[in-house]
Amino acid sequence: MKILSVNAGSSSLKFTLFEMPEEKVIVSGTFEKIGLNSSIYTIKYNGEKIKKECVLNTHKDAVNVLMEELLNLNIIKSYDEIEGVGHRVVQGADKYSKSVIIDEEVCKDIVKFTPLAPIHNPANLIGIESFKEVLKNVKQVGVFDTAFHQTMKESEYLYPLPLEWKEKYGVRKYGFHGTSHRFISETMKEYLKKDAKIISCHIGNGASLSAIKDGACVDTSMGFTPLAGLMMGTRSGDIDASIVPYLCDKLNLSASEIINKFNKESGLLAITGVSSDLRDVESEYLNGNERCKLGLEMYSRKIVNYISMYNTLLDGAEYIVFTAGVGENSPIVRGLVCEKLKALGVEIDKNLNEEMFGKFGEISSNNSKIKVFVVPTNEELMIARDTYDLIKE
Ligand code: ADP
């Protein structure tokens, strides 16, 4: 069965076509700059990369081009060979704790939750509507970034704010990257043949940690929005909320302008003055750049703080798992984090850490009290699995 896994952004559309249940990737690609003057798309197929420029005014145009390319490449003979389309949806609020088949009600809810994810939810919905227009009778599934975190207890998801704000306005912790954290939880369960107490560290441009027990999320570091928690590429992570009105006054900017700066001009970028991309920061760090040293010290310290908190919350974690762009590929960050966890008995094997890039494996030494693993995440596959499971009946 051919299943498309889709992640629609405001001007982009990423896709992977899977053969399910074999979980084989047939083709994948990205459409970029949709709605801008010159769009680009890249398709990876049979070990080759096809890159083309064209004009795509809408996401529907991108879906049409995608389907035409699938026909041209002889991947499908007709549109109805695509039996399901799974969509990443960022915000499902407290209504969706699992993936669902998309119907009118789900679409209305995605609109309803837009104030909680003003950039992502509308883009995700445009993706859904575009596929609905082109593939009229195909079942579509919504896979929510927030769903995995719905198992958090009130004591974890509530902010110590007037309760009425939670009831009336939905002010609570939702958490994000849930599809990735669930993938880590399921992959470790499959490997260990049992559930374990895991701290999943999704460290990419955006970054979040989750404490996982019995396959369920106990707590996570992102909050009401993905701005909370760790220091990230361009995001500040947790800060004192009083800084907002203070800066509004000093800089003569609105609260949303200040928050925009916390989202886009802070984090590693602000501290290092070099880049939000860890590869650039690391190369300057290795050249002895003092601000990059400071940036990475702060960046790793925040991760350590959350790991320490989650270790107590889990009453002793058994596994720490690094994933996403940085987690999978940066021995430097993994090393800086783990050397600060000596008090928890964490010890990594330097050689294993240095050699581990983008593949599954253990990097801790035999003596380590908490085992440390690198596990490549695969949100696209998780979306395809959920879609297959929901539509196969
Ligand atoms: P997102 O999905 O949040 O955009 P990713 O998970 O793709 O982010 O992670 C992107 C980050 O991973 C970037 O900061 C990038 O520098 C970092 N990264 C990717 N490859 C490497 C590498 N080989 N070494 C160090 N950092 C890397």
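Refer to the preceding data block for the structure.
Cut-offs and rules
Residues numbered from 1 in each chain as written. Predicted model: local features only at pLDDT ≥ 70, side-chain atom pairs only at ≥ 80, totals over all residues. Heavy atoms only, no water. Pairing = 2+ DSSP bridges. Helix = DSSP H or I, 4+ residues; strand = E, 2+ residues; numbered from the N terminus. Contact = heavy atoms within 4.5 Å. Axes fitted to C-alpha atoms, helices over the stretch in contact; angles between N-to-C directions. Polar contact = N/O pair within 3.5 Å; in protein donor to acceptor, adjacent residues only side chain to side chain.

**A few points about the pairing of strand β14 (residues 371-374)**
Phase 1 of the analysis: Alignment of strand β12 (residues 319-323) against β14, held across 4 bridges, turns out to be parallel. Bridge pairing in β14 places Y319 opposite K371.
Phase 2 of the analysis: Here strand β13 (residues 361-362) runs beside β14; their pairing, made up of 2 bridges, is antiparallel. Opposite E362, over in β14, you have F373 as the bridge partner.

**Thoughts on the sheet that holds β12**
Phase 1 of the analysis: A sheet is described by the order of its strands in space; here 6 strands give the open sequence β11-β10-β9-β12-β14-β13, paired in mixed fashion. Both outer strands of the open sheet, β11 (216-220) and β13, are each paired with one neighbouring strand and no more.
Phase 2 of the analysis: Helix-sheet contacts for helix α11 (residues 290-313) involve β9 (198-203), β10 (207-213), β11 and β12, and the interaxial angle to β10 is about 15°.

**Quick look at the side chain of S275**
Phase 1 of the analysis: Structurally, S275 can be placed in the loop between α9 (267-272) and α10 (278-286).
Phase 2 of the analysis: From its side chain, S275 meets the backbone nitrogen of D277 in a polar contact 2.7 Å long.
Phase 3 of the analysis: Within the structure, the side chain of S275 is placed 2.8 Å from the side chain of D280, a separation counted as a polar contact.
Phase 4 of the analysis: The contacts of S275, once residues within four sequence positions are left out, are L268, L269, D280 and V281.

The analysis is restricted to geometry; functional conclusions fall outside its scope.
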